Structures are given as structure tokens and as C-alpha cells.
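Take a look at the letters that make up each chain.
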Amino acid sequence: MEPSLPSFILFILIGCVLTSFDNRHHNVTHQYDYCVLGAGPAGLQMGYFLSKAGRNYIVLERNSGPGSFFNKYPRHRKLISINKIHTGKGNREFNLRHDWNSLLSDKPDLLFKRVSSEFYPPADAFPRYLSMFVKELGLRVQYGVDIGRIRAVQSATGRRYILTDQRASDYTCSVLLVATGLWVPHMVDFVGSDLVEGYESISTNPEDYKDQAVLILGKGNSAFETAQSILGRASRVHMLSSSPVRLAWQTHYVGDLRALNNELIDTYQLKSLDGLAEARLEKIVIAQRREKGRRRSGGKKRELYLTLNKYMHSSKGKNSSGVTHEELPGHHIDNFPMRKPYDRVIRCLGFRFNFSIFDSSACPPNSENAKGRLPGLTPWYEGKNTPGLFVLGTASHSRDYRSSAGGFVHGFRYTARAVHRVLEHRYHKNPWPSTTLLTTQLQSWILKRVNEASGPYQMFEVLGDVILLRGSHCEYLEEFPLQALPQLSSLSGHEVSMHGLIVVVMQYGKKNIDYLGRRRAETEWTKAWKSNFLHPVLYYFKTLPTEEEINLRPKGWALPRPEAIHHVVEDFLTEWDAPISHIQPLRRFLEHCLQTDLRAFYAESCFRSSLTHRTPPLFCQQGYLKQRGIPRNSRLQQQRVHDTGPMCAAQDAGTSSADSTFPNYLLPAGASVSSGLKLDL
């Protein structure tokens, strides 16, 4: 044995040297300007914007590939995000309104439809799409980095964030962009919660539920997805939550129950053994009782009873097995709806943000909504009390929880772009991108945006277009966070002039109506303010709203009360291009706000007005007097409408030579052309 001792000592010494070398190799510090935590859709979307801007960034991902959440969830492998490939139109921006899975990039063919053509795609397609996105754009993603601690430090150069991974390596950055999503199961503490199975670990084989009675806690899409998968095998399926079912087609919130998962509503309403009930989960008790009966897994049948705290004689802790007959609700109410035992109870309550990796110096507060499951954020998605830390993707949904699409890919791809624009101005002095337009071009540009743009369409009442009026011209800012309007100047680098501003928002009506009943839609343009479905709304302010005015705005309003407001009547086709119902009322509103005539005139009319008026119409000033008048020919003569009437075919109202594509957008937009000389508004 003694000869082996030196060999053993030598082996130990070599191991120590290798370990020391390994520690020196891993215990290093990597410095970046931007750290993106998470290579899901939100993290990669931000990675694209940072890469395109040429910034010093890194995307850190704990797993071996992008979009790892979708390798497991949804458990039954069907996405509820629509993938409508055939829209009948070739406009890419318009088509993104109906493509809820693609990310934004400058490659027109880098779309989700390359990996799936199904309307509701399989979940496995999403990681494949994200891998393609990373590869084709050359994004800097580092896999296998599991960040376990995040802390903030103050240095001579300012506040920095330090991220420590599983190898004790540090990543430091001035700006931390958290895109980790929601993956920690949300749980409710009640007596007997230890007897409940979780959505994250249940069997997805329907045969495992054959002839079993199942109680599902929750009524969201994960709960109904689970129920739907076992309907044909389980003896009965009951669902319990504190609130009734919310149907997405009634609430207009895509996170509520979608039609593809709602088969249990049919079996409940048609009385086929399944059912829905309401109770506060904090007040329920799941009680276990073992009784003789059919054997399962070599043992006695396990029966789980639902009872209520108020019926319990004494506190039994979390495990409530051994309850007496008197503690069951059926003893007190003989027709208690859920008096029969269940074979399984499944928790499907969604997910929450992982706060555990944040040190107290870097942890954003819990949100006031969403039961505190999400981080509290400013309107520009920066953590409250954590400057330089921004939250992207599903975790940023606290800003529009249960009201818009910010928790889903088709929504947060635009909020991520908004955050990037904030970063570009704050750290690189690049103002928010804007388009300078002649005032006579404004109507056509607004119509182009409301008929094509996907950002305000998906992020309705959250992102809106801001028009800064400058007299004869204006600046058009796209997709600005509405609740951040009081900070417009500091966030965008643009100032509001004495002429004021107009904000273009897409929004739904606020009345509770039967959305499948008669008279559910408004068609009369004079009653556009009664519109119930998604439609454009324009707010005119003389000055920027204050933060107090934003906080005290009327309930359900996207913005405070303006100087003037205009609703464009809802349209069955969501095409706001009708000359009388859409275009003419919009022009009148703009003329009221701008105090100028926005009609387009024939060259002959401009010539006559120049001879007889000191100030010709604005169109003539910017068009005819600069040798860009509209010639009067037989085709235009046939289309002419007198003073107050619009034309069906629009004319280019003095387009900017800086953008050669601009006239293409004006043609379908519609402009009022008049041969008269009535210049008063």
C-alpha cells in the first residue's frame, strides 16, 4: 500500500493545480455597455436593435439554445398566437398585424412562416425560428451562462450592474436589459396545497387521466388547455378560480381564454359532467382521504376532497389528510356543487417573475397590479428605483396588464423598439426617429399609418403616434409610449412648440355590450365616438399633459381630456379610407386644430386665389406657388367634388422629394380637391 501513497499525493497536487487554473480561467470580468439577460424573443429582438446600431452588447442565455421556454411550454405544444400567412395584401407592415410570432428586422423574409404555415403553430417551431433569427442576423449570444446574482454598484463613471454566473464570472454593464420572461410557477398558499400537482410537471398523456375525476385550479389558457386535452378521457373535469371565465373575444385581451381552448365551456353549458365554479383559492382546503376501493399503482385509491376553511374544526397545517365527515362541505350543504371526491387536483395559475436573482441594490419593486407577480416599471419600461435597468418582453406586461398585448410577442416586439429608442437618445444623443411633413401632407400620412402600421394596432392604448405641430410643417414620431408623454422632451429629444401636438391612438370602445348581438358596431360617422371595436382616435393638446393629468385621466381613457378629440368611426374591414365616413371628418378635425384650409386645389383655382387673396390656401402656397400645382384635366374633372366634398382618388399634395416612396402612400389615402374659392373654414 505504501508505494501507492506518493502516487496519490501527486494526483491530489495535480488536481489542485488544474482547479486553480480553472478558477482563474472562469473567475474573470467581462465588460459591456449593454447586457441583455435572456435569449427569448424579447432578448433577441433587443439584440437585433443593439446590433444594428453598432453597440457593445452581449445576450446571455442560461440554456443551450434560444427560446428554451418553448421547449416545454405550453405543455400541450400548441401556440395560441396566430400565424395568418395569407392576408390578400403584400404590404409587409400591414401583414405584421396578423403575424403574431415574427420579430422585427431589416430582412423582409426573416419571418415565422418559414418554419410553420399552421394558423396556430406548434410550440417546437418557435425555438427553430429564434435560432434562425440569431444565425441570419449574426447576433452575439452566449449560451450556458446561468446568472445567479445581479447587483448594482456606483462607480466614478456612474451606476453599473454586475451579473455573476455559475462559474463566478462577472459581466458588468451600464445598462441591463432583463428579458427572462415568466417561468416561475405562480402558487397560492392554502391548506392542502402540497397535495396538488403543478402544470409544469403533470403528465400530458391523456390516457393517464382515464376515468378519473379532475379538479383544475385556474381558468386561464393553461388551465383550459389542460382541461381540453383530457376531456375525452377523464370522467369529469371541474375548474375553480376566484373569478369567472374571461373570454378574449369579449375583453379584447389576447391573454384571456381563446376560442381554440374553450371546449369545456360547451360541455359545461350542455351539461356533460364538466363544470366551472368560483371561490377564493386562499380559502379552500384540499383534504386527502384513503378509502378502500379500486387499486391504482398497487395501492388504495386516493381521494381528494374540496372543502372550505370555515368548515375546518382546527388548523391542520398544509397537509389536511384525515378530515372528518363534519368538515366536508356536503355535511353543511347537501347539494354543494363540488361535494364528490377527485382523483387529482392540478394547479394551472400561470407564472411569475423571478425576483430571487436580484440583490437589494438592483431589484425592481413588485408591481401594484397582477398580484405583484411582475416588476414595477416606469412608462418607458425602466425599473422603478433601478435606473439603467429595463425590463422587456412578457415581464414588462405590468405596464398594460390585462389591457393590451405587451405580454405577447406581437406586442412587446414594439415596446422593445421603443425602449431602444429611449436608450439611443439617453446614451448616444440620437433623437427619436421622426418624419418631417408639410402640413398639407399630414392627413395622408395619418391615413397611411392607421391603415398599415402594426405597432399602434397591436399595442392599442399603449403606443401612439405623436405629431408635433410646427406651423407650415410638422414632425411625426411613431409609436411613443403614451403614459410617458409628460417626459416627451427628455426621452425623445423633441420639443413641443406653441402650435401644440396631436396624438394618434388606436382604441376600443368602453361600453359593455353584447359583441355578437345586433347593433354591436357603429356605422354612422356622426356617431363615431360610440364606436365599440378598434378604431383610430386623435387627441389634440396645446401643451404636453402633465404627469398629474396622466394619473388623473378619466377611467378607461388612454390620455387626459384634450383640447379636442376626434374618433374615426370603426370599420368592418379595418380600412379607414372611405371618402365621406373617414377622410372628410378627419380633414375637418385637422383644419380645426391647425386653423388652416387643408383642401387640395386645381392649379386654376390656386391662380385665381393668388390674384384675389393676400394669403392663398396652404396647399397653393406649398404646391402651386412652387410650381407643383394639380393640372385640371378631364379625368380630374370627372372626379371633382365641390367645396366640402372629398375625392375618391387622392392627389399628391406637394410631396417631399426626400422620400421617393412618399407619393405611393398618398395615392390611396385621399385628399380633398376643390375648384372653388371659398377659403373660410
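These numbers come from a predicted model, not from an experiment. (Residues numbered from 1 in each chain as written. Predicted model: local features only at pLDDT ≥ 70, side-chain atom pairs only at ≥ 80, totals over all residues. Heavy atoms only, no water.)

**Observations concerning the overall build of the protein**
Note the threshold: Helix numbering and strand numbering both begin at the N terminus, where a helix is a DSSP run of H or I of at least 4 residues and a strand a DSSP run of E of at least 2. Each residue is assigned to one of three classes by its accessible area relative to the maximum for its type, calculated with a 1.4 Å probe on protein chains only: buried under 20%, partly exposed between the two thresholds, exposed over 50%. Contact criterion: two residues are considered in contact whenever any of their non-hydrogen atoms come within 4.5 Å of each other.
Across its full length, the protein holds 18 helices and 24 strands. Considering the protein as a whole, with its 681 residues, one finds that 53% of them fall into the buried category. Here the analysis covers contacts within the protein between residues at least 6 apart in sequence; of these, 66% occur between residues at least 24 apart.

**A closer look at the side chain of serine 454**
To be explicit about the condition: By the criterion applied in these results, polar contacts are pairs of N or O atoms within 3.5 Å in which, for protein atoms, one can donate a hydrogen and the other can accept it, and in which residues neighboring in sequence qualify only through two side-chain atoms.
Tracing the chain through its elements places serine 454 in the loop between helix H10 (442-452) and helix H11 (455-458). Judged by relative accessible area, serine 454 falls into the buried class, the value being 0%. A polar contact is formed between the side chain of serine 454 and the backbone oxygen of leucine 96, at a distance of 3.4 Å. When near neighbours in sequence (up to four residues on either side) are disregarded, serine 454 contacts Glu93, Leu96, Arg97, Arg413 and Tyr414.

**Points about the packing of aromatic side chains**
Each aromatic ring pair is characterised by the separation of its centres together with the angle its planes make. Just so we agree on the cut-off: Pairing of aromatic rings covers Phe, Tyr and the six-membered ring of Trp, with a centre-to-centre limit of 6.5 Å; geometry is then stacked below 30 degrees between planes, edge-to-face above 60, and tilted otherwise.
For the structure shown, the criterion picks out 23 aromatic pairs. Taken together, a centroid distance of 6.4 Å and an interplanar angle of 65 degrees make the contact between tyrosine 48 and phenylalanine 133 edge-to-face. Placement of the pair is tyrosine 48 in helix H2 (residues 41-52) and phenylalanine 133 in helix H4 (residues 125-137), with a sequence separation of 85 residues. Here the two residues tyrosine 48 and phenylalanine 133 agree in accessibility, since each one is buried. When the ring of phenylalanine 460 is compared with that of tyrosine 508, the centres are 5.1 Å apart and the planes differ by 80 degrees; the resulting orientation is edge-to-face.

**Digging into the pattern of salt bridges**
A side chain of one charge can pair with a side chain of the opposite charge if their charged atoms are brought near each other. Convention followed: Here, a salt bridge means any Lys or Arg side-chain nitrogen found within 4 Å of an Asp or Glu carboxyl oxygen.
Summed over the entire model, instances satisfying the criterion amount to 23 salt bridges. With its nearest N and O atoms 3.2 Å apart, the salt bridge here joins lysine 89 to glutamate 575. Of this pair, lysine 89 sits in the loop between strand E2 (57-60) and helix H3 (92-95) while glutamate 575 sits in the loop between strand E22 (564-567) and helix H14 (579-594), and the two are 486 residues apart along the sequence. The partner of glutamate 282 in a salt bridge is arginine 280, with the nearest N and O atoms 3.7 Å apart. Judged by its relative accessible area of 39%, glutamate 282 is partly exposed. Taking relative accessible area as the criterion, arginine 280 reaches 48% and is therefore assigned partly exposed.

**Some words on the state of the cysteines**
Here is the rule we go by: By disulfide we mean two sulfur atoms from cysteines, separated by a distance within 2.5 Å.
With the rule as written, the count across this model stands at one disulfide. Here cysteine 606 engages in a disulfide with cysteine 620; their sulfurs sit 2.0 Å apart. The sign of the S-S torsion, about -80 degrees, decides the handedness of the disulfide formed by cysteine 606 and cysteine 620: left-handed. A residue pair is termed long-range when its members are at least 10 positions apart, and cysteine 606 in helix H15 (residues 603-612) and cysteine 620 in helix H16 (residues 618-622) qualify at 14 residues.

**Topic: the sheet that holds E22**
This is how the line gets drawn: In this scheme, strands are said to pair when DSSP sees at least two bridges between them. All axes here are fitted lines through C-alpha atoms, helices being fitted over the stretch that makes contact, and every angle between N-to-C directions spans 0 to 180 degrees.
If you walk across this open sheet you meet the six strands as E17-E19-E18-E20-E21-E22, and the pairing is antiparallel. At either margin of the open sheet sits one strand with a lone partner, and together these are strand E17 (434-438) and E22. Each neighbouring strand pair of the sheet contributes to a mean axis angle of 20 degrees, computed without reference to strand direction. Bridge count for E17 against strand E19 (residues 473-481) is five bridges, and the pairing is antiparallel. Residue pairing in the sheet places serine 434 in a bridge with leucine 477 of E19.

**Here's the deal with the sheet that holds strand E8 (residues 197-198)**
Sheet strands pair via backbone hydrogen bonds, and the direction of the pair is either parallel or antiparallel. Ordered by their spatial adjacency, five strands build an open sheet running E8-E14-E9-E10-E11, and the pairing between neighbours is parallel. Of all strands in the sheet, those bounded by a partner on one side alone are E8 and strand E11 (275-278). Strand direction decides the pairing type here: E8 and strand E14 (residues 344-347), joined by two bridges, are parallel. Within the sheet, the bridge partner assigned to glycine 198 lies in E14 and is arginine 347. Packed onto the sheet, helix H5 (residues 221-230) meets strand E9 (213-217), strand E10 (236-241), E11 and E14 and runs at close to 175 degrees relative to E10.

**A word on H10**
With 11 of 11 residues buried, H10 is to be regarded as a mostly interior element. Regarding H10, the residues found buried are Leu442, Gln443, Ser444, Trp445, Ile446, Leu447, Lys448, Arg449, Val450, Asn451 and Glu452.

**Some words on the environment of histidine 420**
Looking at the element boundaries, histidine 420 is found in helix H9 (residues 409-428). For histidine 420, a relative accessible area of 9% puts it in the buried group. Those residues in contact with histidine 420 that sit more than four places away from it in its chain are Met46, Phe49, Leu50 and Ala53.

**What about the packing of H10 against H14?**
Two numbers describe a pair of packed helices, the interaxial angle and the distance between the axes. Quick note on the threshold: Angle categories are assigned with fixed cut-offs, so that under 35 degrees is roughly parallel, over 145 is roughly antiparallel, 65 to 115 is roughly perpendicular, and the rest are oblique. It is the rotation of the near helix from the far one that decides the hand of a crossing: anticlockwise by less than a right angle makes it left-handed, clockwise makes it right-handed. Each residue is assigned to one of three groups, with Ala, Val, Leu, Ile, Met, Phe, Trp, Tyr, Cys and Pro labelled nonpolar, Asp, Glu, Lys and Arg labelled charged, and all others, Gly among them, labelled polar.
The contact between H10 and H14 brings their axes to 10 Å, and the two run at 130 degrees. As far as their axial angle goes, H14 and H10 are oblique. Every pair of crossing elements has a handedness; the one defined by H10 and H14 is right-handed. In this structure, H10 uses Leu442, Gln443, Ile446 and Leu447 to contact H14, whose residues at the interface are Ile583, Leu586, Arg587, Leu590 and Leu594. In terms of residue class, the contact of H10 with H14 is made up of seven nonpolar, one polar and one charged.

**So, unusual backbone geometry**
Along the chain, tyrosine 73 connects to proline 74 via a cis peptide bond; the corresponding omega equals -10 degrees. Along the polypeptide, proline 74 turns up in the loop between E2 and H3. A positive phi angle is found at arginine 77, which is not glycine, with a value near 65 degrees. Here arginine 77 lies in the loop between E2 and H3.

**What to know about the confidence of the model for the protein**
Under the convention used in this document: Each residue carries a pLDDT value, the predictor's own confidence for that position, ranging from 0 to 100.
Taken as a whole, the protein shows an average pLDDT of 88; of its residues, 85% reach a score of 70 or greater. Note that residues 292-298 has pLDDT below 50 and, in this model, eight contacts with residues that lie over four places away or in other chains. Here residues 634-681 is modelled with pLDDT under 50, and outside its nearest four sequence neighbours on either side it reaches 107 contacts, counting other chains as well.

**Concerning H4**
Rules: Helix span, as expected, comes to 1.5 Å for every residue beyond the first.
The end-to-end C-alpha distance of H4 is 18 Å, a good match for the 18 Å that 13 residues give at a rise of 1.5 Å each. Within H4, burial applies to Ala125, Phe126, Pro127, Tyr129, Leu130, Met132, Phe133, Val134 and Leu137. Against H2, strand E3 (141-142) and H9 lie the buried residues of H4. With its phi angle positive at about 65 degrees, glycine 138 sits one or two positions after the end of H4.

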